[in-house]
Amino acid sequence: MKILVFGNGVMANIVKDSIQNEDIFVDMIDPFDVKKIEKDFDVIIDFSHHLATNTVLNLAKEYSKPLLIATTGQTEDEMKAIENASKYIPILKMTNTSLGVKVLNKLSKLATQLLEDFDIEIVEAHHNRKVDSPSGTALTLAKNIQEVRNLKIQTNRVGKREKDELGIHSVRGGSIVGEHIAIFAGEDEIVEIKHTALSRKIFAVGAIKFARKLLGLGNGLYFDVD
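Residues numbered from 1 in each chain as written. Predicted model: local features only at pLDDT ≥ 70, side-chain atom pairs only at ≥ 80, totals over all residues. Heavy atoms only, no water.

Thoughts on the UniProt feature "binding site: NAD(+)" (unreviewed entry) in the chain
Next up, step 1: Those places that UniProt annotates as "binding site: NAD(+)" (unreviewed entry) correspond, in this numbering, to Asp-30, Ala-70, Thr-71 and Thr-72. Lining residues of the largest pocket, restricted to the annotated ones just named, are Ala-70, Thr-71 and Thr-72.
Next up, step 2: Following the sequence through the fold, Ala-70 ends up in the loop between strand 4 (67–69) and helix 3 (76–85).
Next up, step 3: Once residues lying within four places of it in the same chain are set aside, the contact partners of Ala-70 are Asp-46, Phe-47, Met-94 and Thr-97.
Next up, step 4: Note that Thr-72 resides in the loop between strand 4 and helix 3.
Next up, step 5: With a relative accessible area of 24%, Thr-72 lands in the partly exposed category.
Next up, step 6: In this structure Thr-72 touches His-50, Lys-93, Thr-95 and Asp-132, once residues within four positions along its chain are discounted. (UniProt positions renumbered as here; feature names shortened; annotations may be inferred. 1 Å grid on protein atoms, 1.4 Å probe; cavity = no way out; pocket = protein on both sides within 12 Å on 5 of 7 lines; lining within 4 Å. Helix = DSSP H or I, 4+ residues; strand = E, 2+ residues; numbered from the N terminus. Contact = heavy atoms within 4.5 Å. Buried < 20%, exposed > 50% of the residue type's maximum accessible area, 1.4 Å probe, protein only.)

Things to note about helix 6 (residues 201–214)
Given 3.6 residues per helical turn, the α-helix brings residues three or four places apart onto the same face.
Next up, step 1: The terminal C-alpha atoms of helix 6 lie 20 Å apart, and with 14 residues this matches the ideal 20 Å at 1.5 Å per residue to within 8%.
Next up, step 2: Listed in full, the buried residues belonging to helix 6 are Phe-203, Ala-204, Gly-206, Ala-207, Ile-208, Phe-210, Ala-211 and Leu-214. (Expected span 1.5 Å × (residues − 1).)

Focus on the sheet that holds strand 8 (residues 165–172)
Next up, step 1: Reading across the sheet, the 5 strands line up as 7-8-6-9-10 and stay open at both edges, with mixed pairing between neighbours. Strands at the two margins of the open sheet, each flanked by one partner only, are strand 7 (152–154) and strand 10 (189–197). Averaged over neighbouring strand pairs, the angle between their axes works out to 15° when direction is ignored.
Next up, step 2: Across the sheet, helix 4 (residues 99–114) is in contact with strand 6 (119–126), strand 9 (178–186) and strand 10; its angle to strand 10 comes to roughly 165°.
Next up, step 3: Along the sheet, helix 5 (residues 136–146) makes contact with strand 6, strand 7, strand 8 and strand 9, crossing strand 6 at roughly 165°. (Pairing = 2+ DSSP bridges. Axes fitted to C-alpha atoms, helices over the stretch in contact; angles between N-to-C directions.)

Remarks on unusual backbone geometry
Backbone phi values are negative for most residues with the exception of glycine, while trans is the configuration of most peptide bonds.
Next up, step 1: The residue after Ser-133, namely Pro-134, is reached through a cis peptide bond having omega -5°.
Next up, step 2: Inspection of the secondary structure puts Pro-134 in the loop between strand 6 and helix 5.
Next up, step 3: In this structure, Asn-21 is a non-glycine residue whose phi angle is positive, near 55°.
Next up, step 4: Structurally, the position occupied by Asn-21 is in the loop between helix 1 (10–18) and strand 2 (24–29).
Next up, step 5: The phi dihedral of Ser-64 is positive, around 55°, even though this residue is not glycine.
Next up, step 6: Position of Ser-64 relative to the elements: it lies in the loop between helix 2 (53–63) and strand 4.

Digging into the nonpolar core
Across soluble globular proteins, nonpolar side chains have a tendency to be buried as a group.
Next up, step 1: The biggest cluster of nonpolar side chains holds 25 residues, and the ones touching the most others in it are Ile-3, Val-5, Val-15, Ile-45, Phe-47, Leu-68 and Leu-92.
Next up, step 2: Among the elements of the structure, strand 1 (2–6), helix 1, strand 3 (43–46) and helix 6 are those that each provide at least two residues to this core.
Next up, step 3: Of all the elements, helix 6 adds the most residues to this core, at 7 residues.
Next up, step 4: Core analysis: the next-biggest nonpolar cluster, separate from the first, contains 20 residues, Val-56, Leu-57, Leu-67 and Ala-85 among them. (Core = buried A, V, L, I, M, F, W, Y, C linked by side-chain atoms within 4.5 Å.)

Quick notes on the domain arrangement of the chain
Next up, step 1: Taken as a whole, the chain is organised into domain 1 (2–97 + 201–222) and domain 2 (99–198).
Next up, step 2: Just the C-alpha atoms count here: the centres of domain 1 and domain 2 sit 27 Å apart.
Next up, step 3: Counting from both sides, the interface comprises 9 residues of domain 1 and, opposite them, 10 residues of domain 2.
Next up, step 4: Our count for the contact surface shared by domain 1 and domain 2 stands at 0 salt bridges.
Next up, step 5: Where domain 1 packs against domain 2, one counts 3 residue pairs in polar contact (both at pLDDT 80 or more).
Next up, step 6: Looking at the side of domain 1 that touches domain 2, its residues break down into 3 nonpolar, 5 polar and 1 charged. (Domains from an automatic or database assignment. Salt bridge = Lys/Arg side-chain N within 4 Å of Asp/Glu carboxyl O. Polar contact = N/O pair within 3.5 Å; in protein donor to acceptor, adjacent residues only side chain to side chain. Nonpolar A, V, L, I, M, F, W, Y, C, P; charged D, E, K, R; others polar.)

What follows is the structure, encoded as structure tokens:
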């Protein structure tokens, strides 16, 4: 698989360094200086910034290539642009490309099914430079839980907890790569499902794996692949 990396920041460079074995790194594209792509490629992995959404969509459509968007924080207009572009190319939009986080979501949905009367809370922790809060991963986890149980997401709780709430709590500090905990609290017992990222490399490895699966999909917008 020949991979074009869109972005030139920390994560884009980690993706570049993680491409090996049967995969081939083609080029890294600066979102603010998009050049003509001279070499052939199979897929674009976007680890840039949501403000470059329209730029990467235009690039993917121009070359008719599948696109994995691993950035978060898209505005409503940017999401509409993604939806429109997916009519012409396959697009995988993921808030987290960790293989472990994928399992976290699946286990949390199962726990929601089995622990019907338990209160559910999500705690996420990241480094002190992270801008968005709650994290896109926490919001995706909450939405997965909502598919099983109709709960109202609460991100700024003041006062006591309501019965049908799903609380999300954000911690920012130091150099925390990323931690997400789904807490299921019942009468006299607690179940916790936790994922901890120890390095950013896990997101690059996962992105490459998910990009490969994207190659076999038709035009459309996907938020997950098996």
